[in-house]
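Residue-level structure breakdown
Chain by chain, the residues run as shown.
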Amino acid sequence: MPADAFRAISKLLKKSTDGLFQQPVRKLPEGLPYSPEKNNYLRFRMCIERVHRIMMASVISIGAYLLYTGSVIGLAILGFVVFMLLLWAFTNFCPSVFMLGRFLKPCWKE
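Residues numbered from 1 in each chain as written. Predicted model: local features only at pLDDT ≥ 70, side-chain atom pairs only at ≥ 80, totals over all residues. Heavy atoms only, no water.

Focus on helix α3 (residues 72-91)
Structurally, the α-helix is built with 3.6 residues per turn, so residues lying three or four positions apart point the same way. Across its 20 residues, α3 extends 28 Å between first and last C-alpha, which sits within 8% of the 28 Å expected from 1.5 Å per residue. Buried residues along α3 sit in contact with α2 (48-68) and α4 (95-100). The opening residue of α3, the one whose side-chain oxygen lies 3.2 Å from the backbone nitrogen of I73, is S71. One or two steps after α3, the chain reaches N92, where phi turns positive at roughly 60 degrees. (Helix = DSSP H or I, 4+ residues; strand = E, 2+ residues; numbered from the N terminus. Expected span 1.5 Å × (residues − 1). Contact = heavy atoms within 4.5 Å. Polar contact = N/O pair within 3.5 Å; in protein donor to acceptor, adjacent residues only side chain to side chain.)

Notes on α2
Over its 21 residues, α2 runs 30 Å from end to end, which matches the ideal 30 Å to within 8%, given 1.5 Å per residue. Restricting attention to buried positions, one finds in α2 the residues I48, V51, H52 and G63. Projected onto a plane normal to the axis of α2, the buried residues spread over an arc of 100 degrees and lie on a single side. Among the exposed residues of α2, those oriented more than 90 degrees off its buried face are R53, I54, Y65 and Y68. Looking at the buried positions of α2, the neighbouring elements they touch are α3 and α4. The positive-phi residue at the C-terminal boundary of α2 is G70, with phi of around 100 degrees. (Buried < 20%, exposed > 50% of the residue type's maximum accessible area, 1.4 Å probe, protein only. Arc of directions from axis to C-beta.)

What about the packing of aromatic side chains?
Counted by the stated rule, this structure contains 1 aromatic pair. Ring centres of F93 and F98 lie 6.0 Å apart, and the angle between their planes is 50 degrees; this geometry places the pair in the tilted category. For F93, a relative accessible area of 41% gives the class partly exposed. Given a relative accessible area of 44%, F98 falls into the partly exposed group. (Phe/Tyr/Trp six-rings, centres within 6.5 Å; stacked < 30°, edge-to-face > 60°.)

Concerning the side chain of H52
Assignment of secondary structure puts H52 in helix α2. Discounting residues that sit within four places of it in the chain, H52 has contacts with W88, C94, S96, V97 and L100.

This is the structure:
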């Protein structure tokens, strides 16, 4: 008897959550820098957003290391990064992205 109740509950749950955890299939936008089927060598092309993320990671890592060693300069570097991220968040303007835009192309063309 308990096995029948368990089967009934599992069927009910399966019906109610069928489409709940399935992600919709996204089509890739036109104008991608690479095609998944061909030209895989273009996947690692440097562009504004990638270079900016690499720069942020390296500056945060250097600041954290200097802060860990007891240097006040590390705190100043991390404070500067936080200030720039807040500036970017509130005004949607990032000076480093602006400057990188003069040398590199964006990753996604709109």
